[in-house]
Amino acid sequence: MSLKDKIDKNKIPEHIAIIMDGNGRWAKQRGKMRIAGHNQGAKTLKDIIKIATELEIKYLTVYAFSTENWDRPAKEISGLLSLLVNSIDQEIENANKNGIKISVIGDISRFPKKVKSKIQNVVELTKNNKKLNVIIALSYSGRWEIVEASKKIAKDVKNNIIGFEDISEEKFSDYLDTSEIPDPELLIRTSGEKRISNFLLYQIAYTELYFTDVLWPDFSENELYKAILEYIGRERRFGKTSEQIK
Ligand code: FPP
């Protein structure tokens, strides 16, 4: 029985988030420039999006560029931005053909004008697609998002749009970049690092975490099945006891 066949379709997570780590090490192992790792990583992402569509996953959030990534060498940043722009150009038709909606979370105001308008364009052109929502985190960090949400709430309270007493966990979620998106059930991080690196801090309170040593460019279809199978095998208690869940 293949790994895919072992997956109970009714138990597949609705939302998977991925920290796509290890592109640089993948390139280094092959004596290549770091950008070669990112190029391969983009191919992996394309493959994983296809599999996610087949599995009828509804949301896939990927960490493509963190707030902290702005501190990388200028050459790597410009390489990543070119890769992003080229990938958008190549994939827009495919996204519309396959019902893929592209959304973005993060501070895209920091991107050069050309990159920003490419991003806005792909978001606009795919906004009515219903099958899979691919959410790309760009110039994103969880703390940034939480601070921005807090500022927006403070402003709305000040302007009497909401009352101080209306602020709740749920209301707070409405002010995050992910307001329309349910929390991920599963977060995957590749490359052996076991940390969250400022990703979706508010949203992953009860998310199952899955770490694998596989570098992102090598993350295959079967690796995704393995992560999903491990997730399905876990007991999610949300703070309750095992007996209460059963
Ligand atoms: C982390 O690996 C990866 C990134 C900072 C970039 C992720 C980008 C892609 C997978 C490219 C495709 C994305 C789009 C949206 C086209 P790293 O560079 O930190 O690797 P290292 O830890 O081995 O150095």
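Use the structure listed above.
Below is a summary of the structure that appears in this document.

Reading guide: rules and limits
Residues numbered from 1 in each chain as written. Predicted model: local features only at pLDDT ≥ 70, side-chain atom pairs only at ≥ 80, totals over all residues. Heavy atoms only, no water. Salt bridge = Lys/Arg side-chain N within 4 Å of Asp/Glu carboxyl O. Helix = DSSP H or I, 4+ residues; strand = E, 2+ residues; numbered from the N terminus. Buried < 20%, exposed > 50% of the residue type's maximum accessible area, 1.4 Å probe, protein only. Pairing = 2+ DSSP bridges. Right-handed = clockwise from strand over helix to strand, strands pointing away. Axes fitted to C-alpha atoms, helices over the stretch in contact; angles between N-to-C directions. Contact = heavy atoms within 4.5 Å. Polar contact = N/O pair within 3.5 Å; in protein donor to acceptor, adjacent residues only side chain to side chain.

Here we look at the pattern of salt bridges
Argument step 1. Per the stated rule, a full pass over the model turns up 16 salt bridges.
Argument step 2. Between lysine 118 and aspartate 89 there is a salt bridge; the shortest N-O distance is 2.6 Å. Of this pair, lysine 118 sits in helix H5 (residues 113–125) while aspartate 89 sits in helix H4 (residues 74–97), and the two are 29 residues apart along the sequence.
Argument step 3. Judged by relative accessible area, which is 43%, aspartate 89 ranks as partly exposed.

Description of unusual backbone geometry
Argument step 1. A positive phi is found at glutamate 56, a non-glycine position, where the angle reads about 60°.
Argument step 2. Position of glutamate 56 among the secondary structure elements: in the loop between helix H3 (34–54) and strand E2 (59–66).
Argument step 3. The phi angle at serine 197 is positive, at roughly 50°, despite the residue not being glycine.
Argument step 4. Topologically, serine 197 is positioned in the loop between strand E5 (186–189) and strand E6 (208–211).

A look at the pairing of strand E4 (residues 132–140)
Argument step 1. With nine of nine residues buried, E4 lies mostly within the body of the structure.
Argument step 2. Two strands pair when backbone bridges link them, and E2 and E4 are joined in this way by seven bridges, in the parallel orientation. Across the sheet, residue phenylalanine 65 finds its bridge partner in E4, namely leucine 138.
Argument step 3. Looking at chain direction, strand E3 (residues 100–105) and E4 are connected through six bridges and run parallel. Paired with valine 104 across the two strands is isoleucine 136, which belongs to E4.
Argument step 4. Following the chain from E3 across H5 to the adjacent parallel E4, one finds a crossover that is left-handed.

A closer look at the sheet that holds E3
Argument step 1. Taken in spatial order, the six strands line up as E3-E4-E2-E1-E5-E6 in an open sheet, and their pairing is parallel. In the strand order of this sheet, the two ends are held by E3 and E6, each with one partner. Here the average twist between neighbouring strands, direction ignored, is 20°.
Argument step 2. As paired elements, strand E1 (residues 15–19) and E5 share four bridges and run parallel to each other. Bridge pairing links isoleucine 16 to leucine 186 in E5.
Argument step 3. Contacts between H5 and the sheet are confined to E3 and E4, with E3 contributing the most and set at about 140° to the helix.

Things to note about the side chain of histidine 38
Argument step 1. Within the fold, histidine 38 resides in helix H3.
Argument step 2. Overall, the relative accessible area of 7% leaves histidine 38 in the buried class.
Argument step 3. A distance of 3.0 Å separates the side chain of histidine 38 from the side chain of asparagine 23, its partner in a polar contact.
Argument step 4. Ignoring anything within four residues of it in the chain, the contact list for histidine 38 reads Asn23, Arg72, Glu76, Leu80 and Leu83.

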